[in-house]
Amino acid sequence: MSSFVTEVLASSGKLEKEDLSSKISKMSRKVEDTKEEVCDMINKRYTDFLPSLQGSEELMVQVDEVSKEMDVLKNCIETEVQQNIHSAVTEYAKLKQQLEKNTIVIKMLGHLKEFHNAMEEFKKALLDKKYVDAANQLERARASVDSLKGWKTSQLPLLSALSSELTVQRENLIYHLGDEWKGLVIWRLPPSKEPAGPKSFLKVELNLSHACSKDGEPEPSALLCCVLQALAIQGDLQHKIKLFSQVLLKNMLKPLVIYPSLSVRVTEQQDEGTVLALQCLEESQDERSTPSQVYSKLLLVLKTLHAHLLDVSIGDKKLSAILGEMIWEEISQCIIHDCLLYSIPTNSSQLEKYNTVIKETEEFEKSLKEMEFLQGDSTDLLKYARNVNCHFASKKCKDVIVAARKLMTSKMHNTVKITPDYKLRLPKLPPPGGEVKVKPDSTKEEMVMENTKRLSAWSLCLPACRISESVQQLMELALNTLCEAVGSSTQCALQLFFTVRNIFQLFYDVVPTYHKENLLKFPHLAAIQHNNCMYLAHHLLTLGHHFRAHLPQPLSEGVATFVDMVPGFRKLGAQCFLAQMNVQRAELLERLSTAHNFCNLDDEDNYTAASKAVRQVIHQLKQLGTVWQDVLPVSIYCKAMGNLLNTAITELIAKIMMLEDISSEDGEHLHTLCQTIIEEGPLVFIPLAEEKKNRKYQEEVPLYVKKWSTFKELVIVLRANLQEIVDRWADGKGPLALEFSSSEVKNLIRALFQNTERRAVALTKIK
């Protein structure tokens, strides 16, 4: 270090020529000598006690001189030497910076040289159709340009020109590779404007170049391998294969799955290579292809592609694996929705035969894995095929709901007759596994405890009526679905059972909404809907009980019931019929409102209007009686007709009671009109088609028309004299008193008779 400092200081011209280290050495020796002399003097002075004053003074002078020399040397080092070191370091840094700049320039020149050489090699390789070499050289050139761009200090004006040249040459290479690809893989497609269909796909062809033969097996040509490798190096292979996969899916693979009439034909042509073309199978009349047909057609296409095009390694992956990743999800979904979905059995007895489809699917996937189209062990396609029980239940449920909705939206007026001895055609079910055998002793005990009085055979039977044919079919559909649930797996049975519940819930929601206008407009349909609801409610009481023991848990433990739906259906039927009753009641009142309140009937116009209103009421009731005849149960029919007739006569009674003055002529007219109702009113009760059987119900009119007796008493009063009225009152105990209050009778007397003493006497007797 000392020699380096010395050289630096010497080069600056500020030190003498003698060596700094030699000076320091001399100074060290002088110090040592002085130290020995001082020690010796001290010993003599303090140990030997020798007088040495003069010697001591000389030594002190010598020590002072040495100290001064040392200070001078120290100052020299601290000032001049350190200054010269700083300037030397600064100069060294400048030299180092210059050296680094020169190094960068040399490296940049090297990259430029590398770029130039790579581009020259690229052009040469491209002319010789050595596409892999050309792609690699282009990557070399790209790396050189990227290195130049990496230096922020570089401001080469050539950099933009180099980038442009690189882009142009890359596009040139991609263009050449695209031309080669088009020559190796040729598509012939139908016009885009032509509508899609089996006939349009007959024009689809895929022409593959001649393959090389190795050990008797075809393999992709060397040119094809070079093109694919070059595309991979340039990062354009994925895009090229994606476009190819989209055309392949749209024009060949999907049509083969969707259209059973299409098949693929593979031919080897000497000049054109291998040709895959779609052809039509005239003998195929099936709506859907079977899974085995679909798998065989797809494998023929994919094996041909693998042999002539896709059996090429790109890095650590085969081209078939790249294509498989792009098409598998879409083609597997197409197979599921357009083939496997329709192959699911519609009957549980066919489920065992479906194992064949599962094996065919496994073999299909195995073949795809061997060609590396498919990776992994289990796919959505195989999972779908293996999960056939769940799909069977889902498909069955969907078909059942669709069929049920179709029945619900069909016409309601097609009816069937239901008689008290009608029973559902319940299937014979196998005895439940957990059934407990009853011992003979307990049977005897039960026989002894049995009640001797028995209910009538018709106690819990539906009354005779008519229901929609579609509702009867709906109940049969529910029965068949529950039969499918018997013996099925737990999951399947649960789905099917709750689908049956959904059928009835759908009826509850759909029918009143879909047929809303017709149910209000046509009384015949309202009666049928009432019967439909009561029919369903009746059978829902015992439907769950019949199947419960034969269903798996938890259905067999009490979940399998429909009893909770019964009140809803009864209420629905009642509401529908009551809405129609309100419509009919409003029409009756509207007709009676045209009678001018039945006053001043001595006027011909008023009498005509009143007579017309009464005739219209009778006519409406007769029409309803005919429409509801043999449709409604007899009891419901009689109650409904009685209620409507009661509405009419109640309104008529109210109108007459409001009259303050009834002349004898008016009274006669009123009597005539009311007598018409009394005579023809019972004739509207015709619940049965046979007239003789209806007489019973016509005689029982007072049972169904609440105000019938009141009306008859009013008719008698209209023609009676004062004494007859008083006699029928009989001090509040006669038949007149049972129907009218005293004030109402008095008002009638005042309206019918003039103010005379006889009337006054009669009024006093009405108490």
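Residues numbered from 1 in each chain as written. Predicted model: local features only at pLDDT ≥ 70, side-chain atom pairs only at ≥ 80, totals over all residues. Heavy atoms only, no water.

Asks: What am I meant to see in the overall build of the chain here?
Replies: Each helix and strand in the chain was counted, giving 29 helices and ten strands. A separation threshold of at least 6 residues defines the contact pool for the chain, and within that pool the share at least 24 residues apart is 76%. Of the accessible surface of the chain, which amounts to about 44000 Å², a share of 53% is contributed by carbon and sulfur atoms. (Helix = DSSP H or I, 4+ residues; strand = E, 2+ residues; numbered from the N terminus. Contact = heavy atoms within 4.5 Å. Areas by Shrake-Rupley, 256 points an atom, 1.4 Å probe, with all protein chains shown as cover.)

Asks: Just to check I follow, could you spell out the sheet that holds strand β6 (residues 273-280) for this structure?
Replies: Each strand in a sheet pairs with its neighbour through backbone hydrogen bonds, running either in the same direction (parallel) or in the opposite one (antiparallel). Pairing is antiparallel across the open sheet formed by four strands, whose spatial order is β1-β2-β6-β5. Looking at which strands have only one partner, the edges of the open sheet turn out to be β1 (185-188) and β5 (262-269). Neighbour-to-neighbour, the strand axes of the sheet open up by a mean angle of 20 degrees, direction not taken into account. Contacting β1, β2 (205-208), β5 and β6, helix α8 (residues 237-258) crosses the sheet at an angle of about 50 degrees to β1. Where helix α9 (residues 291-310) meets the sheet, its contacts fall on β1, β2, β5 and β6, and the angle it forms with β5 comes to roughly 30 degrees. (Pairing = 2+ DSSP bridges. Axes fitted to C-alpha atoms, helices over the stretch in contact; angles between N-to-C directions.)

Asks: For this particular structure, what's the right way to read helix α19 (residues 566-592)?
Replies: Each turn of an α-helix holds 3.6 residues, which means side chains three or four residues apart point in the same direction. For α19, which comprises 27 residues, the first-to-last C-alpha distance of 39 Å matches the rise-based estimate of 39 Å (1.5 Å per residue) to within 8%. Along α19, the positions that sit buried rather than exposed are Val566, Phe569, Leu572, Gly573, Cys576, Phe577, Gln580, Met581, Gln584, Leu588 and Leu592. On the buried face of α19, the contacting elements are α16 (490-514), α17 (516-521), α18 (523-548), α20 (604-628) and α21 (634-657). (Expected span 1.5 Å × (residues − 1). Buried < 20%, exposed > 50% of the residue type's maximum accessible area, 1.4 Å probe, protein only.)

Asks: Honestly, empty space enclosed by the protein in this entry has me stumped. Any pointers?
Replies: A probe as big as a water molecule, rolled over the atoms, marks out the empty space that is left. Considering all chains together, one arrives at two cavities of 30 Å³ or more under this definition. Lining the largest cavity we find Leu253, Leu298, Leu302, Gly324, Ile327, Trp328, Ile331, Ile335, Phe364, Leu368, Phe373 and Leu374. Elements that contribute at least two residues to the lining of the largest cavity include exactly α9, α10 (319-343) and α11 (355-370). Residue contributions to the lining of the largest cavity peak at five residues, all from α10. Residue composition of the lining of the largest cavity, by class: eleven nonpolar, one polar and no charged. Considered as a void within the structure, the second largest cavity measures approximately 80 Å³ in volume. Taken together, 13 residues form the lining of the second largest cavity, with Leu407, Met408, Ser470, Val471 and Phe507 sitting closest to its centre. Within the residue set of the lining of the second largest cavity, elements represented by two or more residues are α13 (388-408), α15 (469-485), α16 and α18. Among the elements that make up the lining of the second largest cavity, the one with the highest residue count is α15 (three residues). (1 Å grid on protein atoms, 1.4 Å probe; cavity = no way out; pocket = protein on both sides within 12 Å on 5 of 7 lines; lining within 4 Å. Points joined across faces, edges and corners; volume = space filled by probe spheres on them. Nonpolar A, V, L, I, M, F, W, Y, C, P; charged D, E, K, R; others polar.)

Asks: Even after reading the chapter, I still don't get the pattern of salt bridges, so can you show me in this structure?
Replies: Charged atoms that come close allow side chains of opposite charge to pair. Following the criterion strictly, the structure yields 15 salt bridges and no others. For glutamate 171, the salt bridge goes to arginine 170, with nearest N and O atoms at 3.7 Å. Residue glutamate 171 is classed as partly exposed on the basis of its relative accessible area of 46%. Taking the shortest distance from any N to any O, the salt bridge between glutamate 205 and arginine 188 comes out at 3.4 Å. With glutamate 205 in strand β2 and arginine 188 in strand β1, the pair connects residues that are 17 residues apart, well separated along the chain. Each of the salt bridges in this network shares a partner with another, and the network as a whole consists of Lys417, Arg466 and Asp630. (Salt bridge = Lys/Arg side-chain N within 4 Å of Asp/Glu carboxyl O.)

Asks: What exactly am I supposed to notice about the confidence of the model for the chain here?
Replies: Keep in mind that low pLDDT regions are not for reading the predicted coordinates in detail. A residue-level look at the chain finds 83% of positions with pLDDT of 70 or above and a mean pLDDT of 81. Looking across the chain, the model is least confident in helix α14 (residues 440-449), with a mean pLDDT of 40, and most confident in α19, with 95. The model gives residues 12-17 a pLDDT under 50, and that stretch makes seven contacts with residues more than four places away or in other chains. Counted against residues more than four places away or in other chains, residues 434-449, with its pLDDT under 50, gives one contact. (pLDDT = per-residue confidence, 0-100.)

Asks: What am I meant to see in the packing of aromatic side chains here?
Replies: In this description, an aromatic ring pair is defined by two values, namely the gap between the centres and the angle between the planes. Overall, the coordinates contain 15 aromatic pairs when judged by the stated rule. Both rings, one in phenylalanine 504 and one in phenylalanine 569, keep their centres 6.4 Å apart while their planes meet at 85 degrees; by these two values the pair is edge-to-face. Of this pair, phenylalanine 504 sits in helix α16 while phenylalanine 569 sits in helix α19, placing them 65 residues apart in sequence. Residue phenylalanine 504 shares its accessibility class with phenylalanine 569, and that shared class is buried. Here the aromatic cluster, defined as three or more aromatic residues joined through ring pairs, consists of Phe497, Phe498, Phe504, Phe507, Tyr508, Phe562 and Phe569. Here the basic side chain of arginine 288 rests over the ring of tyrosine 342, its NZ or CZ set 4.0 Å away from the ring centre. (Phe/Tyr/Trp six-rings, centres within 6.5 Å; stacked < 30°, edge-to-face > 60°. Lys NZ or Arg CZ within 6 Å of the ring centre and 35° of its normal.)

Asks: Mind showing me how you'd approach the packing of α18 against α19 here?
Replies: When two helices pack together, you describe them by how their axes are tilted relative to each other and by the distance separating the axes. α19 packs onto α18 with a crossing angle of 165 degrees between their chain directions and a minimal axis gap of 8 Å. As the angle between them shows, α18 and α19 are arranged roughly antiparallel. The two elements α18 and α19 meet at a crossing, and its hand is left-handed. Contact with α18, carried on its side by Pro523, Ala526, Ala527, Gln529, His530, Cys533, Met534, Leu536, Ala537, Leu540 and Leu541, involves Val566, Phe569, Arg570, Leu572, Gly573, Ala574, Cys576, Phe577, Gln580 and Gln584 of α19 and no other residues of that element. Of the residues belonging to the contact of α18 with α19, the class tally is 15 nonpolar, five polar and one charged. (Parallel < 35°, antiparallel > 145°, perpendicular 65-115°, else oblique. Left-handed = near helix turned anticlockwise from the far one by under 90°.)

Asks: For this particular structure, what's the right way to read a negative patch on the surface?
Replies: Together, Asp602, Asp603, Glu604, Asp605 and Glu665 line one region of the surface with negative charge. Residue position: aspartate 602 is located in the loop between α19 and α20. Look at aspartate 602 and you get partly exposed, because its relative accessible area is 41%. (Patch = residues over 30% accessible without salt bridge, like charges linked within 9 Å, V, L, I, M, F, W, Y side chains within 5 Å. Lys, Arg positive; Asp, Glu negative; His and termini not counted. Charge placed at Lys NZ, Arg CZ, Asp CG, Glu CD.)

Asks: Is there a simple way to think about the side chain of histidine 515 in this case?
Replies: Mapping histidine 515 onto the fold places it in the loop between α16 and α17. Accessibility expressed as a relative area gives 7% for histidine 515, which makes it buried.

Asks: Looking at this model, I keep getting lost on the nonpolar core. Mind explaining?
Replies: The nonpolar side chains of a soluble globular protein tend to be buried with one another. Residues Leu305, Ile335, Leu340 and Phe504 are the most contacted members of the largest nonpolar core, which totals 127 residues. Top contributing element to this core by residue count: α10, with eleven residues. With sequence-adjacent residues up to four places away left out, phenylalanine 504 is seen in contact with Met475, Ala478, Leu536, Leu540, Leu543, Phe562, Met565 and Phe569. Residues Ala527, Ile686, Val701 and Leu752 belong to the second largest nonpolar core, which totals 71 residues. (Core = buried A, V, L, I, M, F, W, Y, C linked by side-chain atoms within 4.5 Å.)

Asks: I'm lost on α13 in this one. Help?
Replies: If you check α13, its first and last C-alpha atoms are 29 Å apart, about what 21 residues at 1.5 Å a residue would give, namely 30 Å. Of all the positions in α13, only Val388, Cys390, His391, Phe392, Ala393, Lys395, Lys396, Cys397, Val400, Ala404, Leu407 and Met408 are classed as buried. Here the buried face of α13 lies against α10, α12 (380-386), α15 and α16.

Asks: Just checking my understanding: could you explain unusual backbone geometry for this structure?
Replies: Excluding glycine, residues mostly carry a negative phi; peptide bonds, for their part, are mostly trans. Phi angles above zero are rare outside glycine, and asparagine 600 is one such case at about 50 degrees. Mapped onto the elements of the fold, asparagine 600 is located in the loop between α19 and α20. Even without glycine at this site, aspartate 731 takes up a positive phi of about 55 degrees.

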